[in-house]
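Structural overview
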2 protein chains.
Amino acid sequence: MEDAVSTPQRASDATGLHRVLEPTGVLPQAARRLDTRRDLWADEVRIRVERLNLDAASFRQLSAAHGEDGVAVRDAVLDIVATRGKMQNPVTGSGGMLVGTVEAVGPESPLGLAVGDRVATLVSLTLTPLVIEDGLSRWDGRSEQVPADGYAILFGRSIAARVPADLPADLSLSVMDVCGAPALTARVVGEYVDRGGRPTVAVIGGAGKSGSLALAAARKAGAGHTIGVVPHRVEADLLEDASLADVVTIADARDPVALSRAVGEAGGPAEVTVVCVDVPGCEGGAILSTADRGTVVFFSMATSFSAAALGAEGLAADVTMLVGNGYVPGHADYAMSLLRESPGVRRLFERRL
Amino acid sequence: MEDAVSTPQRASDATGLHRVLEPTGVLPQAARRLDTRRDLWADEVRIRVERLNLDAASFRQLSAAHGEDGVAVRDAVLDIVATRGKMQNPVTGSGGMLVGTVEAVGPESPLGLAVGDRVATLVSLTLTPLVIEDGLSRWDGRSEQVPADGYAILFGRSIAARVPADLPADLSLSVMDVCGAPALTARVVGEYVDRGGRPTVAVIGGAGKSGSLALAAARKAGAGHTIGVVPHRVEADLLEDASLADVVTIADARDPVALSRAVGEAGGPAEVTVVCVDVPGCEGGAILSTADRGTVVFFSMATSFSAAALGAEGLAADVTMLVGNGYVPGHADYAMSLLRESPGVRRLFERRL
């Protein structure tokens, strides 16, 4: 029976530890190599893969390393997946996500999925056992969107969201990719509102994917004033057209003085500053743009822990700094609802597809 | 008049921007080179330096790079300070702190210091203009504690604490070096207590300097149960003797399964987990040791932002993750009070002098 659940020796673990081949004892994300066996443990789910969505930083690194040669990039991805049993760029450490259809569900899976469900994984490819079976023959190696055939495994604690039937798949995927940002922004703003406040919220990189959703979430959660910071006029026009921020301002986020001045003139300092730009060196400016006892939420993977910690100390800044956790319960549905409700968010996303 | 305040062309800025020589526009911590002129801007303070306390990671790197040759290490430190105008290790990016005596105070300084005050700086050496005038002739290059003569400049927003007269200087310095950890731990625990909770607090690295203070702070702030995690028996005995934790447990913090199991058996998962061990790879274990909707406070400079963010997402862990800000108002006095009240903390510190 093809989809029979196997009865392997090793007990399964909701975090996927049972599929770590080396080094032993580390979590799947930290593993060099995962076990990609097709048979499922009782709490697992197998997905027939339709498309991979490579992390932007990873794709950029691979393209640069191979001189923008698409065939070489494709071979590199195939080699990584074959060697590691997962798509994790060894240089950037990052992965991406995937879309596919559920093809088998173990009897003890807690994920609530059924065979035939079309889903996107909301855990990183860096910890997802993956086998590619078509040699990525439909991909030219020149885009982060990778058509693929093969299978992937979800663990008991993995997360997958059904792809909504009313939205194009690439749009849904693009929203799910950044859905942690609006959910956490809403939670942080909500805590101020619960205490009777109407916080000023600044989103650095407000015209981007996570940034536009964060702005929409801040307003919906009760922000009193929203500021969108963008790097140049073109993005400012886009964000103004989208009507997501009370004020749109232009500043280089890497220049702490310019950034904090721009936020100040736009109605700041902010009680809540959300960093959504994927360039290094924005920590100091974000801290300086934030009011005393305010909160900075770092969503950029380019954030440096030590630059944030030492930066706040060096500025004697009494701010709470949050590592942007990509998981908040209900985050995918919440982000989809923002997209459906806000034509401005939807336009910004559709422009980037 | 030797200590006259100069009237330079450039306006001063509380963050020290006016002393950044290159690249322009960055904050002093990010600068390659600072202006170390002796004359003060009106909001500055000049300190006669007595001793530098190099950051442990920086000293370790320098020693290793120079084959433990003390003279070579000394020359390297002199070269860094002469070249950069500050003590910032170019490899680790870290600095340290200093002790000295106030020798001049600008008329507009907001720091509340007076000439003759013996102080420790609580901002990093990485952003403090520094001139060494004795060639570090009293230092053998074999210890992080560097006797030195020279001067340093504090800005309007810098922080310096008076060295208490009732405690040995090296003990005070050693406490001030980590005083952000207990203050932030107390604040986080206090938020639970304000909501009627009595949280379980786990401190990873509980027998260390920041760890022991964090344990004392957690208990004082109203934790219901405290767990100290240490790497081996010797530290477990020390921490048990100090009576700072309700339970002391031994685990390798880099092994997420072992760590979370140990915390679980010691009364966890923790509502608040404080990471105080300076080794990489503790993010996953800390997240797994923390209860749903709990808080992880990362105080280790070895923390990886992306490992924390992707780790929580990969584990579908709904936890709040804080970047341990080294500055909380009143942090030095608070840490000193913990040391004075707790013979256990004091013994652990004195052992490390």
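Residues numbered from 1 in each chain as written. Chains lettered and ligands numbered in written order. Predicted model: local features only at pLDDT ≥ 70, side-chain atom pairs only at ≥ 80, totals over all residues. Heavy atoms only, no water.

Describing the overall build of chain A
Scanning chain A from N- to C-terminus turns up eleven helices and 14 strands. Here chain A has a C-alpha radius of gyration of 21 Å; the compact-globule value for 353 residues is 20 Å, and the two agree. C-alpha atoms of chain A, sized along the principal axes, occupy 65 × 45 × 40 Å. By the burial criterion, 60% of the 353 residues in chain A qualify as buried. Here the contacts in chain A between residues at least 6 apart in sequence split such that 69% fall between residues at least 24 apart. (Helix = DSSP H or I, 4+ residues; strand = E, 2+ residues; numbered from the N terminus. Rg over C-alpha atoms; globule rule 2.2 N^0.38 Å. Buried < 20%, exposed > 50% of the residue type's maximum accessible area, 1.4 Å probe, protein only. Contact = heavy atoms within 4.5 Å.)

Quick notes on the pairing of strand β5 (residues 118-121) of chain B
All names here are of chain B. Here strand β4 (residues 96-105) pairs with β5 via three bridges, running antiparallel. The residue of β5 that forms the bridge with Gly 100 is Val 119. Across three bridges, β5 lies against strand β8 (residues 160-162) in antiparallel orientation. Each bridged residue has a counterpart across the sheet, and for Ala 120 the counterpart in β8 is Ala 161. (Pairing = 2+ DSSP bridges.)

Examining the relation of the copies chain A and chain B
Look at the two chain copies: a rotation about an axis and a shift along it is all it takes to match them. It takes a turn of 180° to lay chain A on chain B, together with a shift of 0.0 Å along the axis; the resulting RMSD is 0.0 Å. The relationship between the two copies is best expressed as a two-fold rotation axis. Here 100% of the interface residues in chain A have copies in chain B that are interface residues too; the copies meet face to matching face. (Least-squares fit on C-alpha atoms with pLDDT ≥ 70 in both.)

Examining the pattern of salt bridges
Residue and element names in this part refer to chain A. All told, the structure shown has 46 salt bridges over all chains when counted by the stated rule. For the salt bridge of Arg 32 with Glu 22, the shortest nitrogen-to-oxygen distance reads 3.4 Å. With Arg 32 in the loop between β1 (20-22) and β2 (33-34) and Glu 22 in strand β1, this pair connects stretches of sequence that are ten residues apart. The partner of Arg 118 in a salt bridge is Glu 50, with the nearest N and O atoms 2.5 Å apart. Taken together, the positions of Arg 118 in strand β5 (residues 118-121) and Glu 50 in strand β3 (residues 45-54) put the pair 68 residues apart, joining distant regions of the chain. Note on Glu 50: relative accessible area 28%, which makes it partly exposed. Several salt bridges converge on common partners, so that one network encompasses Arg 38, Arg 46, Arg 48, Glu 103, Glu 133 and Asp 149. (Salt bridge = Lys/Arg side-chain N within 4 Å of Asp/Glu carboxyl O.)

Structural notes on the interface of chain A and chain B
Taken together, the contacts link 45 residues of chain A with 46 residues of chain B. Counting the surface lost from both chain A and chain B, the interface buries some 4,200 Å², and carbon and sulfur atoms represent 64% of this. It is Phe305(A), Glu313(A) and Val323(A) that lose the most area in chain A upon contact with chain B, and together they represent 18% of the buried surface on that side. Applying the counting rule to chain A against chain B returns two salt bridges. We note a salt bridge from Asp318(A) to Arg187(B), for which the minimum N-O separation is 2.9 Å. Between the two partners, chain A and chain B, sit twelve residue pairs in polar contact (both at pLDDT 80 or more). Breaking the side of chain A that touches chain B down by element, the ones donating at least two residues are α7 (256-265), α8 (283-288), β13 (290-298), α9 (305-314) and β14 (320-323) of chain A. By residue number, the principal contributor to the side of chain A that touches chain B is α9(A), which donates nine residues. Among the residues forming the side of chain A that touches chain B, the class breakdown is 25 nonpolar, 14 polar and six charged. (Buried area = accessible area lost by both parts, 1.4 Å probe. Polar contact = N/O pair within 3.5 Å; in protein donor to acceptor, adjacent residues only side chain to side chain. Nonpolar A, V, L, I, M, F, W, Y, C, P; charged D, E, K, R; others polar.)

So, the environment of Gly156(A)
All names here are of chain A. Assignment of secondary structure puts Gly 156 in the loop between β7 (145-154) and β8 (160-162). Separated by 111 residues in sequence, Gly 156 and Val 45 have C-alpha atoms that sit 8.2 Å apart. Once residues within four sequence positions are removed from consideration, Gly 156 is found in contact with Ala 14, Asp 43, Pro 110 and Leu 111.

A word on the sheet that holds strand β6 (residues 130-132) of chain A
Residue and element names in this part refer to chain A. Overall, antiparallel pairing links the six strands, which are arranged β6-β7-β3-β4-β5-β8 in an open sheet. Of all strands in the sheet, those with a lone pairing partner are β6 and β8, marking the two edges. Strand-to-strand twist in this sheet, taken as the mean axis angle between neighbours without regard to direction, amounts to 35°. Direction of pairing for β3 relative to strand β4 (residues 96-105): antiparallel, over a ladder of nine bridges. The residue of β4 that forms the bridge with Arg 48 is Thr 101. (Axes fitted to C-alpha atoms, helices over the stretch in contact; angles between N-to-C directions.)

Notes on helix α6 (residues 233-242) of chain B
All names here are of chain B. All buried positions along α6 are accounted for by Glu 235, Ala 236, Leu 239 and Ala 242. Angular distribution of buried residues about the axis of α6 spans 125°; they occupy a single face of the element. In α6, the exposed positions angled more than 90 degrees off the buried face are occupied by Val 234 and Asp 241. Where α6 is buried, its residues contact α5 (209-221), β10 (225-230), β11 (247-250) and α11 (343-351). With its phi angle positive at about 55°, Ser 243 sits one or two positions after the end of α6. (Arc of directions from axis to C-beta.)

A short note on the environment of Leu125(A)
All names here are of chain A. Position of Leu 125 among the secondary structure elements: in the loop between β5 and β6. Separated by 29 residues in the primary sequence, Leu 125 and Gly 96 have C-alpha atoms spaced 5.2 Å apart. Leu 125 has contacts with Leu 52, Lys 86, Met 87, Gly 95, Gly 96, Met 97 and Leu 98, leaving out every residue within four places of it along the chain.

Re the sheet that holds strand β3 (residues 45-54) of chain B
All names here are of chain B. Pairing within the open sheet is antiparallel, and its six strands lie in the order β6-β7-β3-β4-β5-β8. Looking at the sheet topology across the chains shown, the edges are occupied by β6 (130-132) and β8. Between one strand and the next, the sheet's axes are offset by a mean angle of 35°, whatever the strand orientation. Note: β3 against strand β7 (residues 145-154), eight bridges, orientation antiparallel. Bridge assignment links Asn 53 to a residue of β7, and that residue is Gln 145.

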